[in-house]
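This is what each chain is made of:
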Amino acid sequence: MFGLIAVAGAKIWVDNKVDFSENRNLIVAAVTLVLGAGDFTLKLGAFTLGGIGTATFGAILLYALLRGQAPAPAGK
């Protein structure tokens, strides 16, 4: 199941021309795949978040933390 979701995500990256030469994008993708494929489960009291959920929220948080200032596009 996760393989199908990972490939669908990769298609979205390709369709949106995500630049994997930027370390931020590469790190977010790698950590997300490791969390999801490894089924990293997060338990907080009675709340449990499975691997795909943990990977999703991990990607959102990690991207926000690594966002910083993007370099200006060429020619501007």
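Predicted, not measured: the structure shown is a model, and the values here were computed from it. (Residues numbered from 1 in each chain as written. Predicted model: local features only at pLDDT ≥ 70, side-chain atom pairs only at ≥ 80, totals over all residues. Heavy atoms only, no water.)

### Examining the layout of surface pockets
One water molecule sets the probe size; rolling that probe over the atoms shows where empty space is left. In this structure, the largest pocket occupies an estimated 410 Å³ of space. Lining the largest pocket are 18 residues, with Trp13, Val28, Ala29, Thr32 and Ala59 sitting closest to its centre. Elements with a contribution of two residues or more to the lining of the largest pocket: helix H1 (2-15), helix H2 (23-37) and helix H3 (51-66). Per element, the largest residue contribution to the lining of the largest pocket is 6 residues, and it comes from H3. (1 Å grid on protein atoms, 1.4 Å probe; cavity = no way out; pocket = protein on both sides within 12 Å on 5 of 7 lines; lining within 4 Å. Points joined across faces, edges and corners; volume = space filled by probe spheres on them. Helix = DSSP H or I, 4+ residues; strand = E, 2+ residues; numbered from the N terminus.)

### Points about the packing of aromatic side chains
If you walk through the whole model with that rule in mind, you get 1 aromatic pair. An angle of 75 degrees between the planes, with centres 5.5 Å apart, marks the rings of Trp13 and Phe20 as edge-to-face. We classify Trp13 as partly exposed; its relative accessible area is 29%. (Phe/Tyr/Trp six-rings, centres within 6.5 Å; stacked < 30°, edge-to-face > 60°. Buried < 20%, exposed > 50% of the residue type's maximum accessible area, 1.4 Å probe, protein only.)

### Re H3
An α-helical turn contains 3.6 residues, so a residue and the one three or four places further along point in the same direction. Under the 1.5 Å per step criterion, the end-to-end length of H3 is 22 Å for 16 residues, consistent within 8% with the ideal 22 Å. Listed in full, the buried residues belonging to H3 are Gly51, Thr54, Ala55 and Ala59. Down the axis of H3, the buried side of the element spans an arc of 135 degrees, and every buried residue falls inside it. Relative to its buried face, H3 has exposed residues pointing more than 90 degrees away, namely Ile60 and Leu61. In the core, the buried residues of H3 are packed alongside H2, strand E1 (42-44) and strand E2 (47-49). (Expected span 1.5 Å × (residues − 1). Arc of directions from axis to C-beta. Contact = heavy atoms within 4.5 Å.)

### Re H2
Taking 1.5 Å as the rise per residue, H2 with 15 residues should run 21 Å; its terminal C-alpha atoms sit 21 Å apart, in good agreement. Of the residues making up H2, those classed as buried are Arg24, Asn25, Val28, Ala29, Thr32, Leu35 and Gly36. The buried residues of H2 occupy one face: seen down the axis, they fall within an arc of 135 degrees. Facing away from the buried side of H2, by more than 90 degrees, are the exposed residues Asn23, Val34 and Ala37.

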